[in-house]
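Architecture at a glance
Residue strings, one per chain:
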Amino acid sequence: MRSLAWIIRATKENDILLATNPKSGTTWLKALMFTLLNRKDCPITKDHPLVTTNPHDLVPFLEFDLYANNQVPDLASFASPRLFSIHLPFTSLPKSVHESACKLVYLCRDPKDVFVSFWHFANKLSPQNVEIISFEETFHKYCKGVSICGPFWDHILGYWNESLRNPEKILFLKYEDMKEQPRLHLRRLAEFMRCPFSAKEETEGVVDEILELCSFGNLRNLEVNKDGKVSTGAESSAFFRRGEVGDWKNYLTAEMGDQLDEIIEEKFSESGLSF
Ligand SMILES: Nc1ncnc2c1ncn2[C@@H]1O[C@H](COP(=O)(O)OS(=O)(=O)O)[C@@H](OP(=O)(O)O)[C@H]1O
């Protein structure tokens, strides 16, 4: 990842950033946040942008898409409020994010499911002539904190602690909670993004319409996500695997599960966070 001090220096007051550790449900939240924010201009019809465009091309990553090959991307062309995404750890965010009134939504997920999701994703993206990465070796590294955005505990705790200090600035969400009570958390998200549901929308069932549009089953079965590629060249289908809570049980041995649980307990016990 590039040096990031210069990224987001143009952060505006009403920008909204989605921050995640990879494989925590970014694609889902991108779809939900895009749909929430743009629902006046893009009502939920068969012509909705999500029907023809993968969520990653609607909400770009600052570090992987916009700044990857361009030191001065044209951020002004994005409609306000602008919606961007980042995988950066909290400690890598530049001053402008802290100093502006821009808002951050952080989504985390059970690290065991994140690991399994990441391993599948990395193998799916490997060129065919490259040996697929070993499950055991990758697991060993993950437990030691070796992963693309640093130790998962630092990534999560960085945003978690700040969300406790500054709840107006950071909304901290969990994938598992979103799965369990999607309506509740979608309403919280809409409030936080300064676009709460009106009484009329509530009566008309817009909450459920958005959840259905952005559901795993719906997005995965769209042509664009079955056969298409995102702008970075990755297959769209790679972002939709199972979308379940607890799939780690199908891949990690009981010992591996215990090992990760011990690390989770050790790293998070004093934080009030649990998985
Ligand atoms: N709509 C929806 N609802 C619920 N879950 C979903 C959805 N879309 C994608 N997914 C699942 O999210 C996992 C991919 O994580 P990310 O989107 O964070 O990947 S990435 O970091 O953007 O590459 C990956 O999880 P696993 O299935 O466990 O691998 C996806 O299947």
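These notes cover the structure that comes with them. Counting from 1, residues in each chain are numbered in the order their sequence is written. In view of the model being predicted, local features appear only for residues whose pLDDT reaches at least 70, and side-chain atom pairs are presented and counted only at 80 or more, with totals across whole chains, interfaces and linings using the full set of residues. Hydrogens are left out, water is left out, and the side-chain values use all remaining heavy atoms of the structure.

Describing the overall build of the chain
Secondary structure elements follow DSSP: runs of H or I of four or more residues count as helices, runs of E of two or more count as strands, with numbering from the N terminus. Across its full length, the chain holds 15 helices and 4 strands. A radius of gyration in this sense is built from C-alpha atoms; the matching globule rule multiplies 2.2 Å by the number of residues raised to 0.38. Computed over the C-alpha atoms, the radius of gyration of the chain is 18 Å, within 12% of the 19 Å expected from 2.2 N^0.38 for a compact globule of 275 residues. In terms of overall dimensions, the chain has C-alpha extents of about 50 × 40 × 40 Å along its principal axes. Sorting the 275 residues of the chain into buried and exposed places 54% on the buried side. Contacts are residue-level and defined by heavy atoms, with any inter-residue pair within 4.5 Å sufficient. Taking all contacts inside the chain whose residues are at least 6 apart in sequence as the whole, residues at least 24 apart take part in 75%. Buried, partly exposed and exposed residues are distinguished by accessible area as a fraction of the type maximum, computed with a 1.4 Å probe on protein chains only: under 20%, between the cut-offs, and over 50%, respectively.

Some remarks on the sheet that holds strand β1 (residues 16–20)
Strands sit in the order β2-β1-β3-β4 across an open sheet of 4 strands; the sheet is parallel. Of all the strands in the sheet, just β2 (83–86) and β4 (170–174) have a single pairing partner and so form its edges. In this sheet, neighbouring strand axes are inclined to one another by 20° on average, regardless of whether the strands run parallel or antiparallel. Any two strands with at least two DSSP-identified bridges between them are counted as paired. Where β1 lies against β2, 4 bridges are found, and the strand directions are parallel. Bridge pairing in β2 places Ala19 opposite Ile86. Against the sheet, helix α1 (residues 26–37) contacts β1, β2, β3 (103–108) and β4, and its axis sits at roughly 165° relative to β1. Angular values range over 0 to 180 degrees, each being the angle between N-to-C directions of two axes fitted as lines to C-alpha atoms, with helices fitted over their stretch in contact. Packed on one face of the sheet, helix α10 (residues 182–192) meets β3 and β4 and runs near 165° to β4.

Concerning the site of the ligand
Any residue with a heavy atom lying within 4 Å of a molecule or strand is counted as near it. Not every one of the 23 residues close to the ligand is listed here, only the nearest: Thr26, Thr27, Ser117, Arg242 and Gly243. In protein, a polar contact means a hydrogen-donor-capable atom and an acceptor-capable atom, both N or O and within 3.5 Å, with residues adjacent in sequence counting only if both atoms are side-chain atoms; elsewhere, any N or O pair within 3.5 Å suffices. Take Ser24: an N or O atom from its main chain is 3.0 Å from an oxygen atom of the ligand. One of the side-chain N or O atoms of Arg109 is found 2.9 Å from an oxygen atom in the ligand. Method for areas: the Shrake-Rupley scheme with a 1.4 Å probe, in which residue coverage is limited to the protein chains shown. Protein burial of the ligand: of its 640 Å² of free accessible surface, 98% is covered by the chains. Looking at the shell around the ligand element by element, the count peaks at 3 residues for α1. Residue type decides the class: Asp, Glu, Lys and Arg count as charged, Ala, Val, Leu, Ile, Met, Phe, Trp, Tyr, Cys and Pro as nonpolar, and the leftover types, Gly among them, as polar. Taken together, the residues of the shell around the ligand sort by class into 9 nonpolar, 9 polar and 5 charged.

Notes on the side chain of Thr35
Along the chain, Thr35 turns up in helix α1. Here the side chain of Thr35 touches Ala31 through a polar contact of 2.6 Å, landing on its backbone oxygen. Not counting residues up to four positions away in its chain, the partners in contact with Thr35 are Ile44, His48, Leu50, Ile210, Leu213 and Cys214.

Here we look at the nonpolar core
Of all hydrophobic cores here, the largest spans 42 residues; its most connected members are Leu29, Leu32, Met33, Leu36, Val105, Leu186 and Leu189. Counting residues per element, the ones that place at least two in this core are β1, α1, β3, β4, α9 (175–180), α10 and α12 (206–213). Per element, the largest residue contribution to this core is 8 residues, and it comes from α1. Residues enter a nonpolar core if they are buried and are Ala, Val, Leu, Ile, Met, Phe, Trp, Tyr or Cys, with the set joined through side-chain atoms within 4.5 Å. With 38 residues, the next largest nonpolar core counts Cys102, Cys108, Leu157 and Phe172 among its residues.

Points about the environment of Lys249
Relative to the elements of secondary structure, Lys249 occurs in the loop between α14 (223–227) and α15 (254–268). Relative accessible area serves as the criterion here: at 59%, Lys249 is assigned to the exposed category. Along the primary structure Lys249 and Lys112 are separated by 137 residues, whereas in three dimensions their C-alpha atoms are 8.7 Å apart.

Quick notes on the packing of aromatic side chains
Each aromatic ring pair is characterised by the separation of its centres together with the angle its planes make. For Phe, Tyr and Trp, rings pair up if their centres lie within 6.5 Å, where Trp contributes its six-membered ring, and each pair is then called stacked (planes under 30 degrees apart), edge-to-face (over 60) or tilted (otherwise). Enumeration according to the criterion identifies 14 aromatic pairs in this entry. The interplanar angle of 75° and the centroid separation of 5.4 Å between the aromatic rings of Phe90 and Tyr159 together place this pair among those described as edge-to-face. On the criterion of sequence distance, the pair formed by Phe90 in the loop between β2 and α5 (95–99) and Tyr159 in helix α8 (residues 152–165) is long-range, its members being 69 residues apart. Tyr159 matches Phe90 in its accessibility class, with the two residues each being buried. Over the aromatic face of Phe61 sits the side chain of Lys30, whose NZ or CZ is 3.5 Å from the ring centroid. Definition used: whenever NZ (Lys) or CZ (Arg) falls within 6 Å of the ring centre and also within 35 degrees of the ring normal, the charge is taken to sit over that ring. The ring of Phe192 carries Lys103 above its face, with NZ or CZ at 4.2 Å from the centroid.

A closer look at α1
Given a rise of 1.5 Å per residue, 12 residues ought to cover 16 Å, and the 16 Å separating the end C-alpha atoms of α1 matches this to within 8%. With 12 of 12 residues buried, α1 lies mostly within the body of the structure. Taken residue by residue, α1 has Thr26, Thr27, Trp28, Leu29, Lys30, Ala31, Leu32, Met33, Phe34, Thr35, Leu36 and Leu37 as its buried positions. The span you would expect from a helix comes to 1.5 Å times its residue count less one.

Details of unusual backbone geometry
Outside of glycine, negative phi angles account for most residues, and trans bonds account for most peptide bonds. In this structure, Lys23 is a non-glycine residue whose phi angle is positive, near 70°. Considering the arrangement of structural elements, one finds Lys23 in the loop between β1 and α1. Taking relative accessible area as the criterion, Lys23 reaches 15% and is therefore assigned buried. Of note in this structure, Arg194 is not a glycine but carries a positive phi near 65°. Tracing the chain through its elements places Arg194 in the loop between α10 and α11 (199–204).

Just geometry here; none of it tells us what the structure is for.
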